[in-house]
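The residues making up each chain are set out below.
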Amino acid sequence: MSFVEYKEFIEDGDTAIVFLGHDSMFPITIQNGSQTQTKYGVIRHSTDLIGKKYGSKVICSKGGWVYILYPTPELWTLNLPHRTQILYSTDISLITMMLELKPGSVVCESGTGSGSLSHAIIRTVAPTGHLYTVEFHQQRAEKAIEEFRQHKVDHLVTVKNQDVCKHGFGVTGIADAVFLDIPSPWEAIGHAKSAMKSEGGRICSFSPCIEQVQRTCLALEEHGFTEINTLEILLRVYDVRTINLQVADLGRAAEEKSSLDGTDRTKQISAVQHGSALFKSGVPPRETVGHTGYLTFATKSLF
């Protein structure tokens, strides 16, 4: 299996997602002879998974069932083992768009962290692009290399274990875009500019604090970057519900009153005045997801 390709059948050694519900899923590595325990019972890899189609409904030993899904960068973001704080699909989607990434793009990233954004970038630049990602922490860098190899995308990514603020990305003049997610991005702006192509490119810096943004913007101006702007995404999800609302009285009651007599008239007037209908309504949650970080974008000047 590969995070940048798709296949139909589950095989030994694959990474798959066990889907119990929208709020309950987890990744597993398929191994012949192994089994996975869920709240619905045991899943036996040899008999229940290997050879089945991805997306299949699998019956567990207790009679409950789960779906086995092919891994995508979006599903991996929701299920990956957290070694650091990660970026989620809301921010990732804007980063991918604003950096103008496409198949064939060359991207430099620091730091790698848990690999959430890395997988999304790799999927976007495949099959001819490449990601150069730098991680300061040695164990996290080694774990990232292992995951990329397991997910069959190691040919599309190069992981370096070094301090990007001191030693840069290890490449010069080849990057179409640069992404920074480090405590002091202003110290790496010069190295980012050196890594980018002479004909220009885009840079993005993710920072949780506005003081970091201020220093980063000053550094971008000093190094000749243009079109500097900072964005923040605040996600607000609406819950679509069917609600029962009383129908407004627009004068029908008065017309019915003049044409009806006796008890039947009173009953029908009451029915008209208290009629109701079903409507679809979007209801925002009482609590919404708050601030994650500021995204600062800029363009390398050609002059």
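So, how was this worked out
Residues numbered from 1 in each chain as written. Predicted model: local features only at pLDDT ≥ 70, side-chain atom pairs only at ≥ 80, totals over all residues. Heavy atoms only, no water. Core = buried A, V, L, I, M, F, W, Y, C linked by side-chain atoms within 4.5 Å. Buried < 20%, exposed > 50% of the residue type's maximum accessible area, 1.4 Å probe, protein only. Helix = DSSP H or I, 4+ residues; strand = E, 2+ residues; numbered from the N terminus. Domains from an automatic or database assignment. Contact = heavy atoms within 4.5 Å. UniProt positions renumbered as here; feature names shortened; annotations may be inferred. Pairing = 2+ DSSP bridges. Axes fitted to C-alpha atoms, helices over the stretch in contact; angles between N-to-C directions. Salt bridge = Lys/Arg side-chain N within 4 Å of Asp/Glu carboxyl O. Polar contact = N/O pair within 3.5 Å; in protein donor to acceptor, adjacent residues only side chain to side chain. Right-handed = clockwise from strand over helix to strand, strands pointing away.

A. Looking closely at the nonpolar core. If you look at the biggest cluster of nonpolar residues, it comprises 47 residues, and the most contacted ones within it are L49, V66, I68, L99 and F179. Element by element, the count of residues in this core is highest for helix α4 (residues 116–125), at five residues. When we break this core down by domain, the ones giving at least three residues each are domain 1 (15–71) and domain 2 (75–234 + 292–300). Setting aside chain neighbours within four positions, we find V66 in contact with V18, F19, L20, Y40, I43, S56, K57, V58 and C60. Core analysis: the second largest hydrophobic core is formed by 23 residues, V106, V164, I182 and W186 among them.

B. Examining the UniProt feature "binding site: S-adenosyl-L-methionine" (unreviewed entry) in the chain more closely. UniProt tags S114, G115, S116, L117, E135 and D181 as "binding site: S-adenosyl-L-methionine" (unreviewed entry). For the residues just named, distributed over 68 residues, the greatest C-alpha separation is only 13.4 Å, placing them together at one site. Considering the arrangement of structural elements, one finds S116 in helix α4. Under the relative-accessibility criterion, S116 is labelled buried at 3%. Excluding residues within four positions of it along the chain, S116 makes contact with T77, L80, I86, L87 and I92. Structurally, L117 is set in helix α4.

C. Structural detail: the sheet that holds strand β6 (residues 65–69). Reading across the sheet, the four strands line up as β2-β1-β6-β5 and stay open at both edges, with antiparallel pairing between neighbours. Strands at the two margins of the open sheet, each flanked by one partner only, are β2 (24–29) and β5 (57–59). Neighbour to neighbour, the strand axes of the sheet diverge by 35 degrees on average, direction disregarded. Here three bridges tie β5 to β6, and the two strands are oriented antiparallel to one another.

D. Broad picture of the pattern of salt bridges. For the structure shown, the criterion picks out ten salt bridges. Across the salt bridge formed by E11 and K7, the nearest N and O atoms sit 3.3 Å from each other. We note a salt bridge from R140 to E135, for which the minimum N-O separation is 3.2 Å. For E135, a relative accessible area of 5% gives the class buried. Several salt bridges converge on common partners, so that one network encompasses K7, E11 and D14.

E. Quick look at the sheet that holds strand β7 (residues 106–110). Strand order in the open sheet formed by seven strands is β9-β8-β7-β10-β11-β15-β12, with mixed pairing between adjacent strands. Each edge of the sheet is formed by a strand with only one pairing partner; in this case those strands are β9 (157–160) and β12 (225–231). With direction set aside, neighbouring strand axes in the sheet form an average angle of 15 degrees. With four bridges connecting them, strand β8 (residues 130–134) and β9 associate as parallel partners. Bridge pairing links T133 to V159 in β9. Each of β10 (177–180), β11 (202–207), β12 and β15 (294–300) is contacted by helix α3 (residues 89–98), which is oriented at about 10 degrees to β15, the strand it contacts most. The strands touched by helix α8 (residues 210–222) within the sheet are β11, β12 and β15, with β12 carrying the most contacts at an inclination of about 170 degrees.

F. Region of interest: the side chain of S56. You can see S56 is positioned in the loop between α1 (45–49) and β5. Judged by relative accessible area, which is 19%, S56 ranks as buried. Separated by 2.4 Å, the side chain of S56 and the backbone oxygen of K53 make a polar contact. Those residues in contact with S56, other than ones at most four positions away along the chain, are V66, Y67 and I68.

G. Up close: unusual backbone geometry. Cis rather than trans, the peptide bond between S110 and G111 has omega equal to -5 degrees. Examined against the element boundaries, G111 turns out to sit in the loop between β7 and α4. Located in the positive-phi region is E100, a residue other than glycine, with phi close to 60 degrees. Turning to its location among the elements, E100 is positioned in the loop between α3 and β7.

H. Main features of the pairing of β8. In terms of burial, β8 is largely enclosed, as five of its five residues are buried. Residue alternation in β8 divides its side chains into two sets, H130, Y132 and V134 and L131 and T133, and both sets are buried. Across five bridges, the pairing between β7 and β8 is parallel. Of the residues in β8, the one forming a bridge with S110 is V134. Once you follow β7 into α4 and on to β8, the crossover reads as right-handed. Remark: the β8/helix α5 (residues 138–150)/β9 crossover connection has right-handed handedness.

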